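What follows is each chain in one-letter form.
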Amino acid sequence: MKWIVIGANGMLGHDVVEELKGAGHEVVPLDLPEVDITKPPEELEQHIPEADGLVNCAAYTRVDDAETERTLAFAVNAEGVHHLALVALKREIPLVHLSTDYVFDGHGCRPYGERDPVNPLNVYGLSKLAGEKAVRAAGGRYVIIRTQSLFGKEGPNFVKAIVRKARESEQPLTVVNDQFSAPTYTRHLANGIVRLIEANAEGIVHLAAADSCSWFEFARQIVTEIKPGHEVIPIPSKSLSRPATRPQHSVLNMERYQRLTGHSMPSWRNGLEAYFHEEDYFT
Ligand SMILES: NC(=O)c1ccc[n+]([C@@H]2O[C@H](COP(=O)([O-])OP(=O)(O)OC[C@H]3O[C@@H](n4cnc5c(N)ncnc54)[C@H](OP(=O)(O)O)[C@@H]3O)[C@@H](O)[C@H]2O)c1
């Protein structure tokens, strides 16, 4: 089948293109500046070739900046997504759309199911929730895939930041130990997305690495792999005073994904190991 991937130069988009191709699909990768999803649907449509489906990995993803760039965040994550949903509806093709655990407030302590109530804590989460609503309201075929805490070769991410800091300085690293999620390797996520596409999944599906941890635990594992002995100190998130509030426990329940595909996602530890090999961090 032929798939359009929007946001194809981004961290996830790049791997989705690779995984789709690897599974034998024809892929048309698109991104800024050729394709801007904030353009009206009539204009946007002219830049999107005919295909069997659309995968939207394009987004405004700067969580802290979104607090002061609300209009831009909503223009991309809500209005832009609405435009894509209208194009998909008109063409009668499915839209595969990426969303986030940040639609939840993270106040619970059990993994979130797809039907659990949403309550975003920050502007980015609000804009992504508005995007989900736009996809559902458009009336076409869709799958909304909520994921979290991504790391991959093609973008800035937490793993790269920790590796750089540990290698550049002997100072201990301080990392929050009261926020929990499932750090997800984009290559593993892209593989799961292709499985959902091939299973003709519809509706909302949660998809992230198996198992969860705090950012402190994740950082400690990264350091153990690349610079054993470098000290990592746990700190509470309130000591950071970042512009956007993050959910404390936004782990996602993936039973629906497993039922739809018959597959279980690799753990975050497996993801980290595979990522280190892809980045050649050990050589
Ligand atoms: N990263 C995470 O930890 C995380 C967690 C949960 C969910 N997600 C979701 O997963 C998806 C992929 O995230 P990612 O981290 O791969 O994002 P990313 O690396 O920031 O990539 C997003 C891509 O979209 C492009 N883009 C931005 N505005 C656009 C527009 N108006 N029209 C067309 N393309 C546009 C970006 O181009 P420029 O770079 O030129 O702006 C970039 O190539 C997003 O939906 C995100 O919300 C991400």
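In the block above lies the structure referred to throughout.
Cut-offs applied
Per chain, the residues get numbers from 1 upward, laid out in the order the sequence is written. Local features in a predicted model are, by the rule used here, given only for residues with pLDDT of at least 70; side-chain atom pairs are given and counted only at 80 or more, and totals for whole chains, interfaces and linings are based on all residues. Pairing between strands is defined by DSSP: at least two bridges between them are needed. Per the convention used, a helix needs a DSSP run of H or I reaching at least four residues, while a strand needs a run of E reaching at least two, with both numbered from the N terminus. Lines fitted to C-alpha atoms define the axes here, with helix axes fitted over just the stretch in contact, and angles between the N-to-C directions of these axes take values from 0 to 180 degrees. Any angle from 65 to 115 degrees is called roughly perpendicular, while one under 35 is roughly parallel, one over 145 is roughly antiparallel, and all others are oblique. If you view the pair so one helix is near and one far, a crossing is left-handed when the near helix is turned anticlockwise from the far one by less than a right angle, and right-handed when it is turned clockwise. Residues are scored as being in contact if the C-beta atoms we place from backbone atoms lie within 7 Å. Each residue is assigned to one class: nonpolar for Ala, Val, Leu, Ile, Met, Phe, Trp, Tyr, Cys and Pro, charged for Asp, Glu, Lys and Arg, and polar for all the others, Gly among them. Any residue whose C-beta atom, as set from the backbone, lies within 6 Å of a molecule or strand is reported as near that molecule or strand.

Draft legend 1. Just the sheet that holds strand E4 (residues 95–100), in detail. Read from one edge to the other, the open sheet built from six strands follows the order E2-E1-E3-E4-E5-E10, with strand pairing classed as parallel. Bordering the open sheet on either side are strand E2 (26–30) and strand E10 (203–206), each of which pairs with just one other strand. With direction set aside, neighbouring strand axes in the sheet form an average angle of 20 degrees. Where E4 and strand E5 (residues 142–147) come together, six bridges link them in parallel fashion. The partner of Thr100 across the bridge, within E5, is Thr147.

Draft legend 2. Broad picture of the packing of helix H1 (residues 11–22) against helix H6 (residues 186–198). Between H1 and H6, whose axes approach to 8 Å, the crossing angle comes to 50 degrees. On the basis of their axis angle, the class for H1 and H6 is oblique. The two elements H1 and H6 meet at a crossing, and its hand is right-handed. Contacts between H1 and H6 pair Met11, Leu12, Asp15, Val16, Glu18, Glu19 and Leu20 from the former with Thr186, Arg187, Leu189, Ala190, Asn191, Ile193 and Val194 from the latter. Partitioning the contact of H1 with H6 into residue classes produces eight nonpolar, two polar and four charged.

Draft legend 3. Broad picture of the site of the ligand. Around the ligand, the surrounding shell holds 28 residues, and the nearest of these are Gly7, Gly10, Leu12, Ala58 and Ala59. Elements with a contribution of two residues or more to the shell around the ligand: H1, helix H3 (70–91) and E4. If you tally residues by element for the shell around the ligand, the top one is H1, at three residues. When the residues that make up the shell around the ligand are grouped by side-chain class, the tally is 13 nonpolar, 12 polar and three charged.

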